Amino acid sequence: MTPWVETAAGPLPPVEGGFMMVRREPKPALRDAVIDIIGYHEQLPGHFRQIELASLIVPLIVSFGDPFAIGLGRLPGRNDFFGSFAAGLYGGPVIIDSFGSSCCIQVNFSPPGAYRFFGLPMHELADRMVALDDLYGSEAIVLRDRLGEEPDWDRRFDLIEAFVEDRLAGHEKPSSATAWAYAELLRSGGTRRIETIAEKLDWSRKHLVEKFRAEIGLAPKAVGRMARFNRALGLARTRTAGGWADIAAECGYADQAHLVREFSEFAGEPPTAWAARLA
């Protein structure tokens, strides 16, 4: 996997391995929609691969370097190159190849924040990548060029934050009921029953599904499964004692075999293979 180096925002010197990364916490006005903003720059020829596991993040990538090759749940092919794009929620691994000359800014939205930013039904972005030009036309080209011409990362972050803030101001937030239901799934680690959430809202399950697809991107059951998987993933990354059976029980899986099936779907490999690859 491509090495990532986290540091404070600002111009970065080359780091070992030829990669640079800078991360900025969003300013207060953006924090209810934006999780973080990341700048990434490669300075080393080669073929590098990242595997992003299923997450509840909606990314916006503005590229001013070479494009990435990206495959949803599979290796990318010769027609799978993307420069600046947005991607909705996807319930599986995303394989990202780069070749030493990629440079971009990535804005990571929460799903409710993405709905407010893009101002369109989020199922239109789910399970796919959409070119930024198709979303914003010539405005996207101007933004990309301005970011590419600006040598200072602090200034780049200022420009992208202004772009995001302007669009957040122009669109409605998700309904308070949908926002509550989504937060409830996260708080419960994906274990809250969908029927219970619908009953609390005095909605039918069908109506809840429709609202989630429009304002979050996927049905609530899929979102809950991804929330539970991410909780298990977090425990596995930090746990020094106990095994997969303990994690399965703590996260509300029926048994370890259930966790393995879910992990294989969302990560593309069973948990033991994932752990061995990272060791």
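Residues numbered from 1 in each chain as written. Predicted model: local features only at pLDDT ≥ 70, side-chain atom pairs only at ≥ 80, totals over all residues. Heavy atoms only, no water.

What about the layout of surface pockets?
Next up, step 1: Computed from the structure, the largest pocket encloses a volume of approximately 1,000 Å³.
Next up, step 2: Taken together, 38 residues line the largest pocket, and the ones lying closest to its centre are Glu52, Leu53, Ser55, Ile96 and Gln106.
Next up, step 3: Class assignment of the residues belonging to the lining of the largest pocket gives a composition of 25 nonpolar, seven polar and six charged.
Next up, step 4: Of the voids in this model, the second largest pocket is the one considered here, and its volume is about 150 Å³.
Next up, step 5: Looking at the second largest pocket, the residues that line it are Leu185, Gly190, Thr191, Arg192, Arg193, Ile194, Glu195, Arg205, Lys221, Gly224, Arg225 and Arg228.
Next up, step 6: The biggest single contributor to the lining of the second largest pocket is helix α8 (residues 220–238), with four residues.
Next up, step 7: Taken together, the residues that form the lining of the second largest pocket break down as two nonpolar, three polar and seven charged. (1 Å grid on protein atoms, 1.4 Å probe; cavity = no way out; pocket = protein on both sides within 12 Å on 5 of 7 lines; lining within 4 Å. Points joined across faces, edges and corners; volume = space filled by probe spheres on them. Nonpolar A, V, L, I, M, F, W, Y, C, P; charged D, E, K, R; others polar. Helix = DSSP H or I, 4+ residues; strand = E, 2+ residues; numbered from the N terminus.)

Some words on the nonpolar core
Next up, step 1: Core analysis: the biggest nonpolar cluster contains 68 residues, and Val107, Phe109, Phe117, Phe118, Ile160 and Phe229 have the highest contact counts within it.
Next up, step 2: The residues contacting Phe109, other than those within four sequence positions of it, are Ala33, Val34, Ile35, Leu56, Ile57, Val58, Leu60, Ala114, Phe117 and Val164.
Next up, step 3: Counting twelve residues, the second largest nonpolar core, distinct from the first, contains Phe19, Phe48, Phe68 and Ile96. (Core = buried A, V, L, I, M, F, W, Y, C linked by side-chain atoms within 4.5 Å. Buried < 20%, exposed > 50% of the residue type's maximum accessible area, 1.4 Å probe, protein only. Contact = heavy atoms within 4.5 Å.)

Regarding the packing of aromatic side chains
Next up, step 1: What the rule picks out here adds up to 15 aromatic pairs.
Next up, step 2: Plain terms: the ring middles of Phe117 and Tyr136 are 6.2 Å apart, the flat faces sit at 65° to each other, and that makes the pair edge-to-face. A residue pair is termed long-range when its members are at least 10 positions apart, and Phe117 in helix α1 (residues 111–118) and Tyr136 in helix α2 (residues 132–136) qualify at 19 residues.
Next up, step 3: Overall, the relative accessible area of 0% leaves Phe117 in the buried class.
Next up, step 4: Residue classification places Tyr136 among the buried residues on the basis of a relative accessible area of 15%.
Next up, step 5: One Lys or Arg, Arg156, reaches over the ring of Trp153 and ends 4.5 Å from the middle of that ring.
Next up, step 6: The cationic tip of Arg167 hangs over the ring face of Tyr136; the distance from NZ or CZ to the ring centre is 5.6 Å. (Phe/Tyr/Trp six-rings, centres within 6.5 Å; stacked < 30°, edge-to-face > 60°. Lys NZ or Arg CZ within 6 Å of the ring centre and 35° of its normal.)

Section: the state of the cysteines
Next up, step 1: For the coordinates displayed, the defined rule picks out zero disulfides.
Next up, step 2: Here Cys103 stays free of any disulfide, with the sulfur of Cys104 as its closest cysteine sulfur at 6.9 Å.
Next up, step 3: The exposure class assigned to Cys103 is buried, which follows from its relative accessible area of 6%. (Disulfide = S-S within 2.5 Å.)

So, α8
Next up, step 1: For α8, with 19 residues, the first-to-last C-alpha span of 27 Å sits near the 27 Å given by 1.5 Å per residue.
Next up, step 2: Taken together, the buried positions of α8 are occupied by Pro220, Val223, Gly224, Met226, Ala227, Arg228, Phe229, Ala232, Leu233, Leu235 and Ala236.
Next up, step 3: The elements touched by buried residues of α8 are α5 (176–187), α6 (194–201), α7 (205–215), α9 (244–251), α10 (256–267) and α11 (271–278). (Expected span 1.5 Å × (residues − 1).)

Here we look at unusual backbone geometry
Next up, step 1: With a phi angle near 60°, Asp127 is a residue other than glycine that sits in the positive phi range.
Next up, step 2: Its place among the elements puts Asp127 in the loop between α1 and β10 (129–131).

So, α9
Next up, step 1: What α9 keeps buried is the set Trp244, Ile247, Ala248 and Cys251. One face of α9 carries all of its buried residues, which in axial projection span an arc of 100°.
Next up, step 2: Looking at the buried side of α9, the elements it contacts are α8, α10 and α11.
Next up, step 3: Gly252 lies just past α9 and shows a positive phi near 90°. (Arc of directions from axis to C-beta.)

A short note on the sheet that holds strand β5 (residues 68–72)
Across a sheet, strands are paired by hydrogen bonds formed along the backbone, either parallel or antiparallel in direction.
Next up, step 1: Across the sheet, which stays open at both edges, the four strands sit in the order β3-β8-β5-β6 with antiparallel pairing between neighbours. In the strand order of this sheet, the two ends are held by β3 (48–52) and β6 (81–82), each with one partner. (Pairing = 2+ DSSP bridges.)

Concerning the side chain of His258
Next up, step 1: Tracing the sequence through the fold places His258 in helix α10.
Next up, step 2: Classification of His258 as buried rests on a relative accessible area of 17%.
Next up, step 3: A polar contact of 3.1 Å, which involves the side chain of His258, links it to the backbone nitrogen of Ala254.
Next up, step 4: Not counting the four nearest positions on each side in its chain, His258 is found in contact with Arg228 and Tyr253. (Polar contact = N/O pair within 3.5 Å; in protein donor to acceptor, adjacent residues only side chain to side chain.)

Concerning the confidence of the model for the chain
Next up, step 1: Per-chain confidence: the chain averages 91 in pLDDT, with 93% of residues scoring 70 or above.
Next up, step 2: Per-element averaging of pLDDT across the chain places α11 at the bottom with 87 and α7 at the top with 98.
Next up, step 3: Residue range residues 1–16 is modelled with pLDDT below 50. Its contacts to residues more than four positions away, or to other chains, number 44 contacts. (pLDDT = per-residue confidence, 0-100.)

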